[in-house]
Amino acid sequence: MTLLVRGRDWQHAHPLALDATLACGVLICMIAGSFVEPHGSTGPYFGRAPDILGLILMLAGAAALVLRRRHPMAVLGATVGVTVVELLTGEPRAPVVMSAVVALYTVAASTDRPTTWRVGLLTSALLTGTAMLTGSPLPWYSQENLGIFAWTGLASAAGDAVRSRRAFIDAMTERAERAERTREEEARRRVAEERLRIARDLHDVVAHHIALVNVQAGVASHVMDKRPDQAKEALAHVREASRSALNELRATVGLLRQSGDPEAPTEPAPGLARLDELAESFQRAGLPVEVARSDAGTHAPAAVDLVAYRVIQEALTNVQKHAGPGATAEVSVVRVGSRLEITVLDDGPGHPAPEASAAADEASRRDDEDREARDGTDPERGGHGLIGMRERVTALGGSCTAGPRYGGGFRVHAILPLTGATGDGRAEPDARTTTGTAAAAGPTGEN
């Protein structure tokens, strides 16, 4: 196999040398055939010598084959010409037709099928007709004349078969290369999508928990001197929120582990089933949250369930960061036909608290600027929260809108298709409302 591959590579690198070798082989065969007398009394025998003109014609035909792949039609014309001259003048005949047969095979192997049929029929008719008309004293149907017809037809058929096989192999090779390129592009696309999804998850986790830590740290700083017990409680909330953030970061980054790494956590992904826990975590941070649901009996697909949770989490995080003190939030989850509608409202003016310390005032001013960016008044300072929400919802075929409310506050509205819902497509009207107030410290239980 190695020798075959090397020979093939050498052939592609030195095509002229191969054609010269073939021409020498054809010349040797023609000269050897010219010594054969096919019509002896006891059968064919080596007993005649070719004439000078025959040797010159054989040499000319073989020399033309050196250029057979560079100029196939010209070489075919030259070899047919010397063959016709030999048939008209040669007596006895020399097998110059062998060069024309090789040239015809080359034309058939390097052109298309219609050209092969036209050139093959023309060459066969010309050479066979000339041989039959000038074959005296032999009859027109002698085996030499029929042999010319058979060899030219065989050369055309063989060349066409070789060309078809080469075209088939080239097509299969091109198809395999295209499939390989497609697989590589698909793999790159999936890697990019997975990176974007992980980036969104990381943003949701960090933004939510850092917002809680920021609020509780500000409270602790404000009441540290006058109410140390409340400061300790706020610091406890900071510790719990940071622990939850670390756990979620560990779970998210765990998706990037290799096969030899420790097992991933078996905790279920966040979803609407943990919405009350999410609301409770914000309530402990000082944001009253009212949750109203009318989606009993709805079995949302895992992707829809996760996106709905993340949208609510991000929207409440924005309320916590930007709405200002005294703001309240309302969350509604409603099943409408084959869609799930998520709405998050707040009534916060977005102004800093007058009783905050100097550090809190500075943080509030920065939050106001961030809120302006979120509302669209300063797009260059905008973050990725709303962009991430829209991308998540759009990826599932839904829609997401966000903007200021008339009279103050902010509204986030998302519509998600329930492509995997079960049942008859209708949810029972079972609304649940939970009004959030400040609760005792404890584990957040979310994320």
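Note that this is a predicted model, so its numbers are computed, not measured.

What about the confidence of the model for the protein?
For step 1, the next point in the chain: Across the protein, pLDDT averages 75, with 74% of residues at or above 70.
For step 2, the next point in the chain: Counted against residues more than four places away or in other chains, residues 351-382, with its pLDDT under 50, gives 36 contacts.
For step 3, the next point in the chain: In the predicted structure, residues 420-447 sits below a pLDDT of 50 and forms 72 contacts with residues beyond four places in sequence or in another chain.

Some thoughts on the nonpolar core
For step 1, the next point in the chain: The biggest cluster of nonpolar side chains holds 39 residues, and the ones touching the most others in it are Val289, Ile312, Leu316 and Val412.
For step 2, the next point in the chain: Apart from residues no more than four positions distant in its own chain, Leu316 is found in contact with Leu278, Phe282, Leu287, Val289, Ala329, Val331 and Val344.
For step 3, the next point in the chain: Grouped together as the second largest cluster of nonpolar side chains are 29 residues, Leu27, Val75, Ala100 and Ala103 included.

Considering the pairing of strand E4 (residues 329-336)
For step 1, the next point in the chain: Because side chains alternate across E4, one face comprises the buried residues Ala329, Val331, Val333 and Arg335, and the other comprises Glu330, Ser332, Val334 and Val336, none of which is buried.
For step 2, the next point in the chain: The sheet contact formed by strand E3 (residues 289-294) and E4 spans six bridges and is parallel. Each bridged residue has a counterpart across the sheet, and for Arg293 the counterpart in E4 is Val333.
For step 3, the next point in the chain: The parallel pair E3 and E4 is bridged by helix H10 (residues 302-322), and the resulting crossover is left-handed.
For step 4, the next point in the chain: Judged from the eight bridges that link them, E4 and strand E5 (residues 339-346) form a sheet pairing that is antiparallel. Pairing of Ser332 across the sheet is with Thr343, part of E5.
For step 5, the next point in the chain: Where E4 folds back onto E5 in an antiparallel hairpin, the turn is made up of two residues, including Gly337, whose phi is positive at roughly 65 degrees.

Points about H10
For step 1, the next point in the chain: Compared with the 30 Å implied by 1.5 Å per residue over 21 residues, the 30 Å span of H10 between its first and last C-alpha is a close match.
For step 2, the next point in the chain: Counting buried positions over the 21 residues of H10 gives 16, a clear majority of the element.

Topic: the pairing of E5
A regular strand places its side chains on the two faces of the sheet in alternate fashion.
For step 1, the next point in the chain: Among the eight residues of E5, seven are classified as buried, and the element is accordingly described as predominantly covered.
For step 2, the next point in the chain: As judged from the eight bridges shared by E5 and strand E7 (residues 410-417), these two strands associate in the antiparallel manner. Each residue of the ladder has a partner; that of Ile342, found in E7, is Ala414.

Observations concerning the pattern of salt bridges
For step 1, the next point in the chain: Taken as a whole and assessed by the stated rule, the structure comprises 13 salt bridges.
For step 2, the next point in the chain: The salt bridge partner of Asp160 is Arg163, with a shortest N-O separation of 2.6 Å. With Asp160 and Arg163 both in helix H7 (residues 143-223) and three residues apart, the pair spans about one turn of that helix.
For step 3, the next point in the chain: Classification of Asp160 as buried rests on a relative accessible area of 12%.
For step 4, the next point in the chain: Taking the shortest distance from any N to any O, the salt bridge between Glu186 and Arg190 comes out at 2.9 Å. Of this pair, Glu186 and Arg190 both sit in helix H7, four residues apart, which is roughly one turn of that helix.

Calculation notes
Residues numbered from 1 in each chain as written. Predicted model: local features only at pLDDT ≥ 70, side-chain atom pairs only at ≥ 80, totals over all residues. Heavy atoms only, no water. pLDDT = per-residue confidence, 0-100. Contact = heavy atoms within 4.5 Å. Core = buried A, V, L, I, M, F, W, Y, C linked by side-chain atoms within 4.5 Å. Buried < 20%, exposed > 50% of the residue type's maximum accessible area, 1.4 Å probe, protein only. Helix = DSSP H or I, 4+ residues; strand = E, 2+ residues; numbered from the N terminus. Pairing = 2+ DSSP bridges. Right-handed = clockwise from strand over helix to strand, strands pointing away. Expected span 1.5 Å × (residues − 1). Salt bridge = Lys/Arg side-chain N within 4 Å of Asp/Glu carboxyl O.

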